[in-house]
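# Per-entry structural report
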Amino acid sequence: ERERSALILAGLGPRADYALAALAAVLDSDPSPRVRACAVMAIASISRGKDDAVPYLRGVLSDPHPGVRSSAEQALKMFFNGAHVKAARPVREGR
C-alpha cells in the first residue's frame, strides 16, 4: 500500500508537491527498502527541474540498502547529469 501510494504520487509529478515533506519522512523512517526507493522516485518526479529535492536525495546516499542508494544516485544523475553524484556520496568507514 505505501509503495503504491508513492508510485501514484510519482505519476502526478509536480502536481503532488504538497507531498514532498511526507515523502522525505518516508526516506528516514520506513522499514521497507522498496517503499524508500519508491519515495525517492516520487521525490525526483515531483521536483523535476527544481533543486528542492537534492538535499533529500543526497541524504539517501547513506541508506543501508544498496537498492535505495542506487535509486538516489539515478535520481541525482537526472538533476546533475552525474557530475555531482560522486562528490555527494558520503565517505564510509573501512572503505
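What you are looking at is a predicted structure, and each value in this text was computed from that prediction instead of being measured.

Thresholds applied
Along each chain, the written sequence defines residue order, and numbers are assigned to residues from 1. In keeping with the model being predicted, local features are shown solely for residues with a pLDDT of at least 70 and side-chain atom pairs are shown and tallied solely at 80 or more, while totals for entire chains, interfaces and linings include all residues. To get the side-chain values, all heavy atoms of the structure are used, and hydrogens and water are removed first. The numbering of helices and of strands both runs from the N terminus, where a helix is a DSSP run of H or I of at least 4 residues and a strand a run of E of at least 2. Remark: exposure states derive from per-residue accessible area (1.4 Å probe, protein chains only) relative to the maximum for the residue type, with buried under 20%, exposed over 50%, and partly exposed in between. Any two residues having at least one pair of non-hydrogen atoms within 4.5 Å are treated as being in contact. Methods summary: accessible areas were calculated by the Shrake-Rupley approach with a probe of 1.4 Å, and residue burial reflects only the protein chains presented. In the sections that follow, a salt bridge refers to a side-chain nitrogen of Lys or Arg positioned within 4 Å of a carboxyl oxygen of Asp or Glu. Axis angles are defined between N-to-C directions and span 0 to 180 degrees, where every axis is a line fitted to C-alpha atoms and, for a helix, only to the segment in contact. Every angle not falling under 35 degrees, over 145, or within 65 to 115 is termed oblique; those three ranges are roughly parallel, roughly antiparallel and roughly perpendicular. Classification convention: Asp, Glu, Lys, Arg as charged; Ala, Val, Leu, Ile, Met, Phe, Trp, Tyr, Cys, Pro as nonpolar; all other residues, Gly among them, as polar. One less than the number of residues in a helix, times 1.5 Å, gives the span that helix is expected to have.

To continue, consider the overall build of the chain. Scanning the chain for helices and strands turns up six helices and zero strands. The linear arrangement of helices and strands in the chain, starting from the amino end, is α-α-α-α-α-α. Here the chain, with 95 residues, has 43% of them falling under the buried criterion. Of all intrachain contacts in the chain linking residues separated by at least 6 positions in sequence, the fraction that spans at least 24 positions is 56%. For the chain, the exposed area adds up to about 5,700 Å²; of that, 53% sits on carbon and sulfur atoms.

We now examine the pattern of salt bridges. Two side chains bearing opposite charge may form a pair once their charged atoms approach each other closely. For the structure shown, the criterion picks out three salt bridges. Linking R2 and D30 is a salt bridge whose minimum nitrogen-to-oxygen distance equals 2.6 Å. Linking R2 in helix α1 (residues 2–12) with D30 in the loop between α2 (20–29) and α3 (33–46), this pair joins segments that are 28 residues apart in sequence. By relative accessible area, which is 9% here, D30 ends up buried.

Moving on to the packing of α3 against helix α5 (residues 66–80). The axes of two packed helices give the description: the angle between them and the distance between them. Two elements in contact, α3 and α5, have axes separated by 9 Å at closest approach and are oriented at 5 degrees. As the angle between them shows, α3 and α5 are arranged roughly parallel. Judged by residue contacts, P33, R36, A37, V40 and A44 of α3 engage V68, S71, A72, A75, M78 and F79 from α5. Across the contact of α3 with α5, the residue classes break down as nine nonpolar, one polar and one charged.

All right, on to α3 then. Its 14 residues place the ends of α3 20 Å apart at the C-alpha level, agreeing with the 20 Å of an ideal helix rising 1.5 Å per residue. Burial analysis of α3 places eleven of its 14 residues in the buried class, the great majority of the element. All buried positions along α3 are accounted for by V35, R36, A37, C38, A39, V40, A42, I43, A44, S45 and I46. Taken together, the buried residues of α3 touch α1, α2, α4 (54–60) and α5.

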